[in-house]
Each structure stands twice: as C-alpha cells, then as structure tokens.
Amino acid sequence: MTYVRYLGRTVFRMLSLLIAVSVLSFVLMEAAPIDPMTAYIGTDSALSEEAKEEIAEHWSLKDPPVRRFAAWAENFLQGDWGDSITFKRPVKTVILERFRYSVWLMLAAWTLSGILGYVLGLAAAVRRGSLGDRIIKTLCLVLQSAPTFWIGLLILSLFAVKLRWFPIGLAAPMGKLADEITLADRIYHMILPALTLSVLGIGKITLYTRQKMLEIMESDFILFARARGESMAQIVLRHGIRNTLMPAITLQFASFSELFGGAALAESVFSYPGIGSALTAAGLNADVPLLLGIAVFSAVFVFAGNLAANLLYMILDPRIREASAR
Amino acid sequence: MKKTGKINTRTKTLIYIAAAVLYLSVIFIWGISMPKEAYGIEYSEKLLPPGWGHIFGTDDMGRDMLFRSVKGLSTSLIIAVLAAGISSAAALAAGVAAAVFGGRIDSFVNWCVDLCMGIPHLILLILISFMMGRGVKGVTAAVALTHWPELTRIVRSEVLQIRNSQYVKAAYKMGRSRLQAAWEHIVPHVLPVYLVGVILLFPHAIMHEAAITFLGFGLPAEEPAIGVILSESMKYISTGKWWLAFFPGFMLLAAVMLFDVIGESLKRLLNPGSGNE
C-alpha cells in the first residue's frame, strides 16, 4: 500500500516538475529577442504568405503568450513537436534519431565509469594510505575538476592524431553509404567519445565509493570479522560490497543530468551526430522548436534517472523496504 | 610540546591556501592590466610550437598563447566572481527563508531547487544565454542564475539543525520576530558553511562559463576566453597542434583545482572536529 502511495506521490511530483520545466523553457524562449514567426520558420525561409498564415494559425503565433503556450502544449501532447529549422524535419524525428546515437554513447560511458569507478574506489579503500590509493585519489580529484571538452581534445590529439588508433570524429567512416555501415564501424567510432564521457563521472563515483568503504572498514563489525579470521577478500565480498553497492548505484543513476550535458560537450569535440550536437546546433541557429523539444526531452531523461534511483533504493534496501511495509 | 620539525595539517592547509590565492590573484591582476598588444596578431610567428620565445606556443595568427590564456582566464574569473556573488546571495536568502519559515515556503523553495536540478545544467545555461541574446551578458546571466540550488540545499539543512536549538527558541520567547532571530542567531552560525559553499561554487561557475563559450554561446570569438581558445584549437588539432589545447586547458584546470583546494581546506579548518589535526 505504502509502495503505491510513495510511487503515486513521486510520479505526481515529477509531472508537476515536468510541466514547470516546459513552462520555464517556453518563457525563456518567449523572452528571447527574436520574432515568434522567425523562431518557427527561420530567417531564410522561402515560404509563401499563405503558408506563413497557416503556421501562425497552427501555433497561435498572433495570440498572447499564454494562448501560444496552450497551443504549443496541446500540439506537443498530440505528438506534434513542430519542425526543426536547422534540420528541416519534424523535431520528434530529429530527437529520436539523434538520441539513438547518443543513448549508446551514454550507456557505454555510464557503465564504464560506474564499474571502473566502483572497483577503483573499493581497491583504494582496502589499501588505504598505500601508493596506489594515493595515485587513485589524486587522479580522481584531477579528473573531477578537468573540463570534459579539454579531456576530449587531449584524448583526440593523443589517440586519433598522434597514434592514429582511432578516427578523428563522426559516427561512421566518411563516404560510406548508410546501409554499408557495420556495427564494428559504429563501435570503432564510439570508443573515444565514450571514453571522454566516462572520464566525467569516474572521479565522483570512485571518491564516493572509497569514502563509504573507509567508513565501513572502520566499523565494529569489520573489526569483529577480522577477529574471526576473515581474509581481506572475504571481508570485501561479504561486508564491503553489500554495504557500498547500493549507494554507488544510486549515485550513478542520479548523474543522468551531468551525463546529458557532458554528452553535448563530448559530441561537439568528436563531431558525433548525437542529441548533444543537435542541441548545440539548435541553440546557435535559433531553432526554437528543436530547443524546446530537447529541453523537455532532457528533463524526462533526468527524471527517469532519479525515479530509477528512488525505486531501486526502495526495492533493494531491506531497511527502507521493511519500514515501508509496516 | 615537542617540536618534531614536521609541519602540522593546519600550517600545511594555510600554505595551500596562500599558494592558491597567489596563483589566482597573479592571473587576475596580470590579465586585467594586460595591454591588447601582448596577444596581438603577428603573422610572421604563426603556429610556433612551445619554446623560449613563446612558452605556450602561438596560434594561427601568431598570437601568444600564454598571454591569451591569462587574459581569457582573468575574464572567466570576473564572470565567476559576479556569478558566485549573485547565486550565493540568492542561495542564502532562499535557504534561510525555507528553513526558518517552513511550511509552504519551504516546499516552494524545495520545488524550485528540484526544478532547476531537473533540467541538465548545460541545457539551462544554453536556454538562458539564448534568451539574453548570447554574448557576455548572456553568459554572465546564465552562470549567475543557475548556481544557487545546491548551495540552497546546504544552507537549508544547516539552518534546520540550528532552528530548534535552545538559544533560538529563547530568542523567540524574548519576543524576537522570526526575521530578527534568523539574522541575529541563525545566519552567523551558517556563515562558515556558507562561505565554503561559495568558494566551492567558483570552480563550477568557471567551468560552466568555459563550457558554453566552447559550444559557441558565450563570449564572442574575438574575445580571448579559454572556451573560445579551445574551440578554435579544434580546427588545428587534427594536424597535430596539441599545444593550442593543452596549455590553456591546463591553466583552467589549475584554477578550478586551486579553488577546490581552498574550499576543501577551509572546510577542514573551520570544522572543529578536524581543524587541529
């Protein structure tokens, strides 16, 4: 019962935030020094007067802002997200197509930084004060502060330019037809951007896991486990992982927002045709429909991450589960 | 007390802080007082690798990368100071109000925090800078208006702890209004945490300024800014001109990390539990 109530409350809260996000984005777009008509059709449009009339009618462009928002929201809910000026295609198609590229990139980076960060954090905590621990700690502090796009540029100049191991950019070899591109091509082109993007998250997760694990290593039950004669490997397997995995996973899910932003930067360094580079293009070309679409889409993405974190915690943590079952 | 010859944590922390402040103020003053000629165009010396004449090398127009980076970083610092000032003031006000008044105001502030954190930060920055018509004004506004949520949370949770203490209740009993009590008894206690929060906000502000400038929303291309420099370097990096990206980014990283060092050190010093280790 409490499950349902908790879930209901969370979903309600998220819906209210989602509506607010779209209102906020809409208001920001409205306040931009740009004519609403231009915002919808672009500056170099060759449309006839009648076609312009039709667009103005469809989006209520001549009405006051509140009506305009209502028109936009209604169309949006019906699946008409407008047409992108930059790509000359419906916004929804552009977003879904671009997201297909980005989602693999983000997933690869997310998994890599999560697993590697967690293992490094555990290892550092177990050998506290050793040379390895100090190296990991310093490296993570540096990576945490390093700008994603700079890391991307360094990776690019080392692995793609100097060593020539990987291609310089794009998601597929140039000059190849769309149906000739193999999965191997895709993966080959994705490695460097994914590496760049995973650097963004790895410092945080490592330092967090290390801190948590250190706290646990100092607790009485670890002392007792040692007194019983458990080896380090046993302690880590039986007590360490059980106590640190959950918070680490939650942290990883809560990082969706940074992941999305980081993807925009990494994609622009490697000219990878994902949703991040679509966002940049939309902003630079004053492509209002696409900007609005991506803003709302990204909010849904972040909410999904937060919801997953909340739900996982509720399902997997026995303490919370017991408390809510009572 | 026995002298061991080793310096203690406190002294070491103070040394770190001094070094960090020195680096940042040198960059700041050097950058502001730098004449335009220092990073002027010199076609006879274009694309030189790092060497004695130009420690950081030169770019495609023969501009010295060291001077450009310093100038750019000082611009970033100014924007970051402005942004941190505005954001932190908003965070203090919102955090204290939420915790002191509670109820509706509290849930409203929390809701706003969730709203701002619900959109990826970069997208929010782009939307705001787009609204302001890009340029310097756009970046400053975007960075200033989006950095308050985390600090608000910190301030709020801190105030919540102090709110129910004896002396605050006593102040209420003596007839102090909520605002008076907040100002006289709560704010002074939150101040250390708040100050650390403000300093830790700088690195984020600098980084975000550089990021949106890099993407092309921020400072105009002719302005020397780290973001502009790095985005220009992308054109030459495929031909192996690594120094165009390496050094400017490294200076940015150093500035960001030094702010982090100052913040974390202060946190340790101000915390009575670890201040005298």
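Just so it is clear, the model here is predicted, and its values are computed rather than measured.

> Help me understand the overall build of chain B in this model?
Check the secondary structure of chain B and you find 10 helices and 0 strands. Helices (α) and strands (β) of chain B occur, in sequence order from the N terminus, as α-α-α-α-α-α-α-α-α-α. Expressed as a percentage of contacts within chain B between residues at least 6 apart in sequence, the contacts between residues at least 24 apart total 71%. In the structure as shown, chain B presents an accessible area of about 13200 Å², 65% of it carried by carbon and sulfur atoms.

> I keep staring at the overall build of chain A and nothing clicks. Help me out?
Helix and strand content of chain A: 14 helices and 0 strands. Start at the N end of chain A and walk to the C end: the helices and strands fall as α-α-α-α-α-α-α-α-α-α-α-α-α-α. By the burial criterion, 48% of the 326 residues in chain A qualify as buried. For chain A, contacts bridging at least 24 residues in sequence account for 70% of all contacts bridging at least 6.

> How should the environment of A18 of chain B be read in this particular structure?
When you line up the elements, A18 of chain B lands in helix 1 (residues 9-32). A C-alpha to C-alpha distance of 8.7 Å links A18 of chain B and I262 of chain B, two positions 244 residues apart in sequence.

> I would appreciate a short explanation of a nonpolar patch on the surface in the present structure.
All names here are of chain B. Residues F28, I29, I32, I78, L82 and I86 make up a contiguous nonpolar surface patch of about 520 Å² in total accessible area. Mapped by element, the contributors of at least two residues to the nonpolar patch are helix 1 and helix 2 (65-101). Within the element layout of this structure, I78 appears in helix 2.

> Teacher, can you tell me more about helix 3 (residues 103-118) of chain B here?
Residue pairs three or four apart in sequence face the same way in an α-helix, which turns once every 3.6 residues. End to end, helix 3 of chain B covers 22 Å across 16 residues, agreeing with the expected 22 Å (1.5 Å per residue, within 8%). Within the span of helix 3 of chain B, buried status applies to D106, V109, N110, C112, V113, D114, L115, C116 and G118 of chain B.

> What is the right way to read the interface of chain B and chain A from this model?
As a measure of interface size, the accessible area lost when the parts come together is often cited. Contact residues are listed per partner, giving 43 residues for chain B and 47 residues for chain A. Summed over the shared surface of chain B and chain A, the number is 1 salt bridge. A salt bridge links R13 of chain A to D114 of chain B, with the nearest nitrogen and oxygen atoms 2.4 Å apart. If you look at where chain B meets chain A, you find 4 residue pairs in polar contact (both at pLDDT 80 or more).

> In this structure, what is going on with the packing of helix 1 of chain B against helix 10 (residues 243-270) of chain B? I would like to understand it.
In a packed pair of helices, the relevant descriptors are the angle between the two axes and the axis-to-axis distance. Residues and elements named next belong to chain B. Remark: helix 1 packs on helix 10, axes separated minimally by 9 Å, with the N-to-C direction vectors making an angle of 145 degrees. As for the relative orientation of helix 1 and helix 10, their crossing is left-handed in sense. Mapping the contact onto sequence places R10, T13, L14, Y16, I17, A20, V21, Y23, L24 and I27 in helix 1 and M251, A254, A255, L258, F259, V261, I262, S265, L266 and L269 in helix 10. Split by residue class, the contact of helix 1 with helix 10 holds 17 nonpolar, 2 polar and 1 charged.

> In this structure, what is going on with the packing of helix 11 (residues 256-269) of chain A against helix 4 (residues 121-131) of chain B? I would like to understand it.
The contact between helix 11 of chain A and helix 4 of chain B brings their axes to 7 Å, and the two run at 60 degrees. Judged on the interaxial angle alone, helix 4 of chain B and helix 11 of chain A are oblique. Facing helix 11 of chain A, whose interface residues are S257, F260, G261, A264 and L265 of chain A, helix 4 of chain B presents H121, L122 and I123 of chain B. Broken down by class, the residue content of the contact of helix 11 of chain A with helix 4 of chain B amounts to 5 nonpolar, 3 polar and no charged.

> Any chance you could explain the side chain of S277 of chain A here in plain terms?
Relative to the elements of secondary structure, S277 of chain A occurs in helix 12 (residues 275-284). Among the polar contacts listed, one links the side chain of S277 of chain A to the side chain of R98 of chain A, at a separation of 3.3 Å.

> How should the pattern of salt bridges be read in this particular structure?
Close approach of charged atoms allows side chains with opposite charge to pair. Scanning the model with the defined rule gives 11 salt bridges over all chains in all. A salt bridge links D133 of chain A to R210 of chain A; the nearest nitrogen and oxygen atoms lie 2.8 Å apart. Here the residue D133 of chain A occupies a position in helix 6 (residues 131-145), and R210 of chain A occupies one in helix 8 (residues 183-217), the gap between them amounting to 77 residues. Each member of the pair, D133 of chain A as well as R210 of chain A, carries the same accessibility label: buried. As a salt-bridge pair, D114 of chain B and R153 of chain B come within 2.9 Å of each other at their nearest N and O atoms. One end of the pair, D114 of chain B, is in helix 3; the other, R153 of chain B, is in helix 6 (residues 148-163), with 39 residues separating them in the sequence. Classification of D114 of chain B as buried rests on a relative accessible area of 19%. Owing to a relative accessible area of 39%, R153 of chain B belongs among the partly exposed residues under this scheme.

> What am I meant to see in the environment of Y101 of chain A here?
Of note, Y101 of chain A is situated in helix 5 (residues 91-126). Distance from Y101 of chain A to F303 of chain A, taken between C-alpha atoms, is 20 Å for residues 202 residues apart in sequence.

> What should I look at first to understand the packing of aromatic side chains in this one?
Here a ring pair, both rings aromatic, is described through the centre-centre distance and the interplanar angle of the planes. Counted under the stated rule, the structure contains 14 aromatic pairs over all chains. Judged by centre distance (5.9 Å) and plane angle (80 degrees), the ring pair of F99 of chain A and F301 of chain A falls under edge-to-face. On the criterion of sequence distance, the pair formed by F99 of chain A in helix 5 and F301 of chain A in helix 13 (residues 288-316) is long-range, its members being 202 residues apart. Residue F99 of chain A shares its accessibility class with F301 of chain A, and that shared class is buried. Seen from their ring centres, F246 of chain B and F250 of chain B are 6.0 Å apart, and the 15 degrees between their planes marks the pair as stacked. Residue F246 of chain B and its partner F250 of chain B are both found in helix 10; the two are separated by 4 residues, about one turn of the helix. Every member of this aromatic cluster is reached through a ring pair, and the members are F99, W110, F253, F256, F260, F297 and F301 of chain A.

> Any chance you could explain the confidence of the model for chain B here in plain terms?
Detailed reading of the predicted coordinates is not advisable wherever pLDDT is low. Residues at a pLDDT of 70 or more form 87% of chain B, whose mean pLDDT is 80. Scored as a whole, the predicted complex attains pTM 0.83, and scored at its interfaces, ipTM 0.82.

> Any chance you could explain the confidence of the model for chain A here in plain terms?
On average, chain A scores 81 in pLDDT, and the residues at 70 or more come to 85%. By mean pLDDT, the top-scoring element of chain A is helix 5 of chain A (89), and the lowest-scoring one is helix 14 (residues 318-325) of chain A (64).

> Explanation requested: the environment of V21 of chain B in the structure shown.
All names here are of chain B. Among the secondary structure elements, V21 is positioned in helix 1. V21 gets classed as partly exposed once you look at its relative accessible area, which sits at 43%. Spatially, the C-alpha atoms of V21 and F259 are 8.5 Å apart, while their sequence positions differ by 238 residues.

> How should I be thinking about helix 4 (residues 65-77) of chain A in this particular structure?
All names here are of chain A. Taking 1.5 Å of rise per residue, the 13 residues of helix 4 would be expected to cover 18 Å, and the 18 Å separating its terminal C-alpha atoms lies within 8% of that figure. Of the positions making up helix 4, those classed as buried are R68, A71, W72, N75 and F76. The buried residues of helix 4 occupy an angular sector of 130 degrees when projected down its axis, which confines them to one face. Across helix 4 from its buried face, at more than 90 degrees, point the exposed residues V66, R67 and L77.

> Got a minute to help me understand unusual backbone geometry in this structure?
Peptide bonds are, in most cases, trans, and in most cases residues other than glycine have a negative phi. You will see that S271 of chain A, though not glycine, has its phi angle at about 35 degrees, which is positive. Among the secondary structure elements, S271 of chain A is positioned in the loop between helix 11 and helix 12.

Thresholds applied
Residues numbered from 1 in each chain as written. Chains lettered and ligands numbered in written order. Predicted model: local features only at pLDDT ≥ 70, side-chain atom pairs only at ≥ 80, totals over all residues. Heavy atoms only, no water. Helix = DSSP H or I, 4+ residues; strand = E, 2+ residues; numbered from the N terminus. Contact = heavy atoms within 4.5 Å. Areas by Shrake-Rupley, 256 points an atom, 1.4 Å probe, with all protein chains shown as cover. Buried < 20%, exposed > 50% of the residue type's maximum accessible area, 1.4 Å probe, protein only. Patch = residues over 30% accessible without salt bridge, like charges linked within 9 Å, V, L, I, M, F, W, Y side chains within 5 Å. Salt bridge = Lys/Arg side-chain N within 4 Å of Asp/Glu carboxyl O. Expected span 1.5 Å × (residues − 1). Polar contact = N/O pair within 3.5 Å; in protein donor to acceptor, adjacent residues only side chain to side chain. Axes fitted to C-alpha atoms, helices over the stretch in contact; angles between N-to-C directions. Left-handed = near helix turned anticlockwise from the far one by under 90°. Nonpolar A, V, L, I, M, F, W, Y, C, P; charged D, E, K, R; others polar. Parallel < 35°, antiparallel > 145°, perpendicular 65-115°, else oblique. Phe/Tyr/Trp six-rings, centres within 6.5 Å; stacked < 30°, edge-to-face > 60°. pLDDT = per-residue confidence, 0-100. Arc of directions from axis to C-beta.

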